[in-house]
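Chain by chain, the residues run as shown.
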Amino acid sequence: MDALAALIADVAPGCDAGHEARILMGAINGIGLLTAISPTKQNRAGAVETLALHVEGLIARGGSA
């Protein structure tokens, strides 16, 4: 978790990196469960898109609330 928070702090210095790391890990865990239970191409594509959108949004706003 600390490594992820450090990475987030680098790409979005204005954010609460620890909080954002916990959000991202929760999303990864939840989406991972979905794709493990039902590993369809649609679910895998949706998982990648969801994570990418979250990270892109975080970077775009520079981490500001």
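Residues numbered from 1 in each chain as written. Predicted model: local features only at pLDDT ≥ 70, side-chain atom pairs only at ≥ 80, totals over all residues. Heavy atoms only, no water.

Draft legend 1. The overall build of the protein chain, seen in detail. The number of helices and strands found in the protein chain is 3 helices and 0 strands. Going residue by residue from the N terminus, the α and β elements of the protein chain occur as α-α-α. On the principal axes, the C-alpha backbone points of the protein chain span a range of 35 × 20 × 15 Å. Burial statistics for the protein chain: of 65 residues in total, 23% are counted as buried. (Helix = DSSP H or I, 4+ residues; strand = E, 2+ residues; numbered from the N terminus. Buried < 20%, exposed > 50% of the residue type's maximum accessible area, 1.4 Å probe, protein only.)

Draft legend 2. Representation of the confidence of the model for the protein chain in the model. Across the protein chain, pLDDT averages 85, with 95% of residues at or above 70. Looking over the protein chain, one finds the lowest element-wise mean pLDDT in helix H3 (residues 41-60), namely 86, and the highest in helix H1 (residues 2-11), namely 90. (pLDDT = per-residue confidence, 0-100.)

Draft legend 3. Geometry of the nonpolar core. Counting residues in hydrophobic clusters, the biggest one holds 9 residues: Leu 4, Ala 5, Ile 8, Ala 12, Cys 15, Ala 17, Ala 21, Leu 24 and Leu 58. For Leu 24, the residues in contact, after removing those within four places along its chain, are Leu 4, Ile 8, Leu 51, His 54 and Val 55. (Core = buried A, V, L, I, M, F, W, Y, C linked by side-chain atoms within 4.5 Å. Contact = heavy atoms within 4.5 Å.)

Draft legend 4. Seen up close, a nonpolar patch on the surface. There is a patch of nonpolar side chains on the surface, built from Leu 7, Val 11, Val 55 and Ile 59 and spanning about 300 Å² of accessible area. Those elements that provide at least two residues to the nonpolar patch are H1 and H3. Position of Val 11 relative to the elements: it lies in helix H1. (Patch = residues over 30% accessible without salt bridge, like charges linked within 9 Å, V, L, I, M, F, W, Y side chains within 5 Å. Areas by Shrake-Rupley, 256 points an atom, 1.4 Å probe, with all protein chains shown as cover. Salt bridge = Lys/Arg side-chain N within 4 Å of Asp/Glu carboxyl O.)

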